[in-house]
Amino acid sequence: MILLMNETQDTIAIPVAYLEAFLMMFVAFLIGYIGASMYAKLKAKKRESEIEAERQRLQEEISRLREENERIPEDQFRKDRMDQELEQVQFQKRAFSERVLTQQANNDTPVINFDRIGTANADKKDNLQDIVGIGPYTEAKLNDLGIYTFEQISKFTDEDIETITELIKFFPDRIKNDRWVAKANELKYSATQSEDNGEESIKKKMMTSDD
């Protein structure tokens, strides 16, 4: 009888032990699963934060590069502006030269009397900008007409002034008001005096050396 009861207790005790082991394994599985899920979520959230920070950094870098690309340096802007002005002056000069040649082919166009004022070329040119009212553009126009020296301008008559005014498209009386002829005479005289003084200085040096 006692042996039978012991056998019965052993039979009942075995399934309980299995159940306890199963419960312990299931609890461990839940703990591991929950822990792994939480770790995965934390890792994913950290990765998302890193990606977002990298995205913002790249966006800021793109904005900075776009601003640098759109912003032209001041010296480059000035250079481009000067190049544009030079191209415009060259274009106007070519257009003016073509217009003068076309007008000279027409019998009604006034012609400069070079037989009286004399001829010159670029090799003998004076700095006409020393005369008030003559700038780089006007000097280029005068050179295109064949006027290079103070000597030529000093010989202008009223008729010549009218002809130049019409050819260059100046305002009436501008040449007279700026006193081109008088100033050209002064500059011509100053140049002559300088040459005479230079020759006298050379002669004196030569005489001194001979002594």
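Further up the page is the structure itself.
## Observations concerning the pattern of salt bridges
As enumerated under the stated definition, the model contains 10 salt bridges in all. As a salt-bridge pair, R116 and D160 come within 2.0 Å of each other at their nearest N and O atoms. Here R116 is found in helix 3 (residues 114–117), whereas its partner D160 is found in helix 6 (residues 158–168), with 44 residues between them in sequence. One salt-bridge network, in which partners are shared between bridges, spans E151, K155 and K188.

## Topic: the environment of P172
In this fold, P172 is placed in the loop between helix 6 and helix 7 (174–177). In this structure P172 comes out as exposed when scored by relative accessible area, which is 67%. P172 sits 11 residues away from I161 along the chain, and the two C-alpha atoms are 9.4 Å apart.

## What to know about the nonpolar core
Formed by 20 residues in total, the largest nonpolar core has its most connected members in I131, L142, I153, I164 and W180. Of all the elements in the fold, those that place two or more residues in this core are helix 4 (136–145), helix 5 (150–154), helix 6 and helix 8 (180–210). For this core, the element with the highest residue contribution is helix 6, accounting for 4 residues. Beyond its immediate sequence surroundings of up to four residues, I131 is in contact with F150, I153, W180, K183, A184 and L187.

## Quick word on helix 4
Every α-helix carries 3.6 residues per turn, so stepping three or four residues along brings you back to the same face. Of all the 10 residues making up helix 4, 7 are buried; the element is thus mostly covered by neighbouring parts of the structure. Restricting attention to buried positions, one finds in helix 4 the residues T138, E139, A140, K141, L142, N143 and L145. G146, located one to two residues past helix 4, shows a positive phi value of around 100 degrees.

## Structural notes on the packing of aromatic side chains
The tally for this structure, following the rule as stated, stands at 1 aromatic pair. Judged by centre distance (6.1 Å) and plane angle (25 degrees), the ring pair of F29 and Y33 falls under stacked. Placement of the pair is F29 and Y33 together in helix 1 (residues 2–70), with a separation of 4 residues, close to one helical turn. Its relative accessible area of 51% is what places F29 among the exposed residues.

Reading the values: rules and limits
- Residues numbered from 1 in each chain as written.
- Predicted model: local features only at pLDDT ≥ 70, side-chain atom pairs only at ≥ 80, totals over all residues.
- Heavy atoms only, no water.
- Salt bridge = Lys/Arg side-chain N within 4 Å of Asp/Glu carboxyl O.
- Helix = DSSP H or I, 4+ residues; strand = E, 2+ residues; numbered from the N terminus.
- Buried < 20%, exposed > 50% of the residue type's maximum accessible area, 1.4 Å probe, protein only.
- Core = buried A, V, L, I, M, F, W, Y, C linked by side-chain atoms within 4.5 Å.
- Contact = heavy atoms within 4.5 Å.
- Phe/Tyr/Trp six-rings, centres within 6.5 Å; stacked < 30°, edge-to-face > 60°.

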